Amino acid sequence: MPTNSDVLMFKKSSVTTLSIHSCKYGQSETPNNLNEESTTNSTLSVSKAETVDMEPLMEVESENNIIITEMLASLSILEEAEASVFERHTFHQIPQIFPQLSGIIEVDSQEEIQANEPMETSIPERKPRPIRKAHLPDIENKRANVITEIINTERDYVKNLRDIHEGYYKQCQKAKDLFPHARMVTLFSNIVDIYKMHKKLLSCMEKSYNLEHPHLSEFGVCFMEQMPSFMMYAEYCKNHLDALEEWSKLIMVEKYTYFFEVCRMHQQMINLQLDGFLIMPVQKICRYPLLLKELLTTTLPSHPDIKYVEQSVIAMRKVLDAINTEKAKDEEEDKLLTFQRTVSNWLGEDLTFRSTQMVHRGDLVVILERGSRAKTFVTFLFDHQIILCKKDLIRRHKLYYKERIYIETGMVEDVIDGVDEEFDSRVKHAFKLRSKLFEDQCRLLFAKNLADKQLWLRSFHEERNIAEGDQFEESYYDFPALNQSTVTQEQLSFLSQPARRKSTKLRNFRGSIFA
């Protein structure tokens, strides 16, 4: 903290300081070859202002400038004091300065710090505009630029992965009371394996990089060697949202906030929080197809790397397709769990135990067994099972669980309109679900109209495709093939909607007018 004498001394010299440095803004700097006479004159003018002409200058200065000068004086003294504290104390003394961090952070030894130094490479530094060689064709110059871009971005990416591993992951491993194994898996997933794989990829690029002629470098072989390992990104991208959710909970606790910030300072990382580092692999895997495609377009057919680059482009597309498939499955699973939570009085196993997605839904009138009453159910068709629910009489959006039907143990039968002898009932737009295990167990279901019935039968066909692929038996269904070429899905959806009834109040109002 500044003393009173420091503030008084600064008040006396504040105007002088402003007059000396007033040439910094809006004026050009003084050349080095000025004669000594101008320097002597400026020195004399300063000394004269300090001794004789202080009072006239103070009269000219406005009161606002004096206040601003005093504030700047206090601020500068405080900044100097704070800087002196950080100069006297190194990072190893931080746990002693801040006692709340002594039980959280564990500082690496000098041997560990030396072991974690960045690896030296022979790759040239990034240049904003690579030098164009006139004797090379345009396509080879472009390929040299793409090669330089790939290897430079890979170096940056490996450095960021190393910062995550050395700065965050290892320190979290040491604080086992704060970061148990389950939390470590949630936060970092398999990022250590990704880091090891990219170190191998970068090492292969360094060996293949041609320093004098970059366009002759062969990176396609490097990508093909590590292509099977790229599939681990599917697991990381799948768990990324869980990691962000866990991080958002931890950052609300003060000791975890201190911990993450000290880890970042210790590793000398960029000013970015942990969530910013964890999203880097998700962003990077999306850039590889673009880089490889650009590399392919700039590679001549006679280049020795052309075959491996083509294979890398195809293989990387498959990797992205696999990642998107896993992501879609995860999203569908979340939808199923969300649906299950909205259904009251749920009984039995979870939906996700057997099913992966919802195929169709709608209202069906169901006779559960012979001689029973017909009931209206909100019916949900999933792969492998059907869920029957009832609506609340008052809150129509609320559903109650009633029954579950496993499709593998049953068979769908089409029913011709007329009188059904088995149920001794008149039927229209109906079909049956007959059990394969028990011959006397059968359920009769009624659709709203013919179009709705066609939609349900088509949905059962789609369900078998999802559940068993092309291996399911056509004899599973006992109804003629659907004519799907003449009626589109949109037309069926429109036809399946019930006819809108006219309001009773409007009909009574019209009757009273024309009476």
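Heads up: these notes are all about the structure in this document. Note that the coordinates shown come from a computational prediction; the quantities given were computed from them, not determined experimentally. (Residues numbered from 1 in each chain as written. Predicted model: local features only at pLDDT ≥ 70, side-chain atom pairs only at ≥ 80, totals over all residues. Heavy atoms only, no water.)

### Notes on a positive patch on the surface
Judged by side-chain charge, Arg-361, Lys-391, Arg-396 and Lys-448 come together as a positively charged surface patch. Within the secondary structure layout, Lys-391 lies in strand 4 (residues 385-391). When its relative accessible area of 34% is taken as the criterion, Lys-391 is described as partly exposed. (Patch = residues over 30% accessible without salt bridge, like charges linked within 9 Å, V, L, I, M, F, W, Y side chains within 5 Å. Areas by Shrake-Rupley, 256 points an atom, 1.4 Å probe, with all protein chains shown as cover. Salt bridge = Lys/Arg side-chain N within 4 Å of Asp/Glu carboxyl O. Lys, Arg positive; Asp, Glu negative; His and termini not counted. Charge placed at Lys NZ, Arg CZ, Asp CG, Glu CD. Helix = DSSP H or I, 4+ residues; strand = E, 2+ residues; numbered from the N terminus. Buried < 20%, exposed > 50% of the residue type's maximum accessible area, 1.4 Å probe, protein only.)

### Digging into the packing of aromatic side chains
Where two aromatic rings form a pair, the distance of their centres and the angle of their planes describe that pair. For the coordinates displayed, the defined rule picks out 16 aromatic pairs. Note on Phe-339 and Phe-380: the rings are 4.6 Å apart at their centroids and 55 degrees apart in plane angle, and the pair reads as tilted. Of the two residues, Phe-339 sits in helix 15 (residues 306-342) while Phe-380 sits in strand 3 (residues 375-382), which places them 41 residues apart along the sequence. Judged by relative accessible area, Phe-380 falls into the buried class, the value being 1%. Seen from their ring centres, Trp-456 and Phe-460 are 6.4 Å apart, and the 40 degrees between their planes marks the pair as tilted. Pair noted here: Trp-456 and Phe-460 are both in helix 16 (residues 450-468), with a separation of four residues, about one helical turn. (Phe/Tyr/Trp six-rings, centres within 6.5 Å; stacked < 30°, edge-to-face > 60°.)

### A short note on the packing of helix 8 (residues 181-188) against helix 11 (residues 232-250)
Interhelical geometry of helix 8 versus helix 11 gives an angle of 115 degrees and a closest axis separation of 6 Å. Of the residues in helix 11, those touching helix 8 at Arg-183, Thr-186, Leu-187 and Phe-188 are Tyr-236, Asn-239, Asp-242, Ala-243, Glu-246, Trp-247 and Leu-250. Its residues placed into classes, the contact of helix 8 with helix 11 shows six nonpolar, two polar and three charged. (Axes fitted to C-alpha atoms, helices over the stretch in contact; angles between N-to-C directions. Contact = heavy atoms within 4.5 Å. Nonpolar A, V, L, I, M, F, W, Y, C, P; charged D, E, K, R; others polar.)

### Observations regarding the state of the cysteines
Two cysteines whose sulfur atoms are joined by a covalent bond form what is called a disulfide. Applying the stated criterion to the full structure yields one disulfide. A disulfide bridge connects Cys-204 with Cys-222, and the sulfur atoms are separated by 2.3 Å. Of note, the bridge from Cys-204 to Cys-222 carries an S-S torsion of about -75 degrees and is left-handed in sense. Pair noted here: Cys-204 is in helix 9 (residues 191-208) and Cys-222 is in helix 10 (residues 220-226), with a separation of 18 residues, a long-range link. Just as Cys-204 is buried, Cys-222 falls in that class too. Looking at the unpaired Cys-237, the closest cysteine sulfur is the one in Cys-286, lying at 6.7 Å. Residue Cys-237 is classed as buried on the basis of its relative accessible area of 9%. Here Cys-263 is not disulfide-linked; the sulfur of Cys-172 is the nearest cysteine sulfur, at 5.8 Å. (Disulfide = S-S within 2.5 Å.)

### Some remarks on a negative patch on the surface
On the surface, a cluster of negative charge is contributed by Asp-242, Glu-245, Glu-331, Glu-333 and Asp-334. Within the residue set of the negative patch, elements represented by two or more residues are helix 11 and helix 15. Examining the composition of the negative patch, we find that three residues originate from one element, helix 15, more than from any other. In this structure, Asp-334 sits in helix 15. On the basis of relative accessibility, which here comes to 40%, the residue Asp-334 falls in the partly exposed class.

### Description of the pairing of strand 9 (residues 430-435)
Burial of strand 9 is extensive: six of the six residues sit out of reach of the surface. Side chains Ala-430, Lys-432 and Arg-434 project from strand 9 onto one buried face, and the interleaved Phe-431, Leu-433 and Ser-435 project onto a second face that is buried too. In this sheet, strand 9 lies alongside strand 6 (residues 410-414) in antiparallel orientation, the contact comprising five bridges. Bridging from a neighbouring strand, Val-412 pairs with Leu-433 of strand 9. Inspection of the sheet shows strand 9 paired to strand 10 (residues 442-446) by five bridges, in the antiparallel sense. When the sheet's bridge partners are listed, Ala-430 is paired in strand 10 with Phe-446. If you look at the hairpin formed by strand 9 and strand 10, you'll find six residues sitting between the two strands. (Pairing = 2+ DSSP bridges.)

Just distances and angles here, no functional claims.
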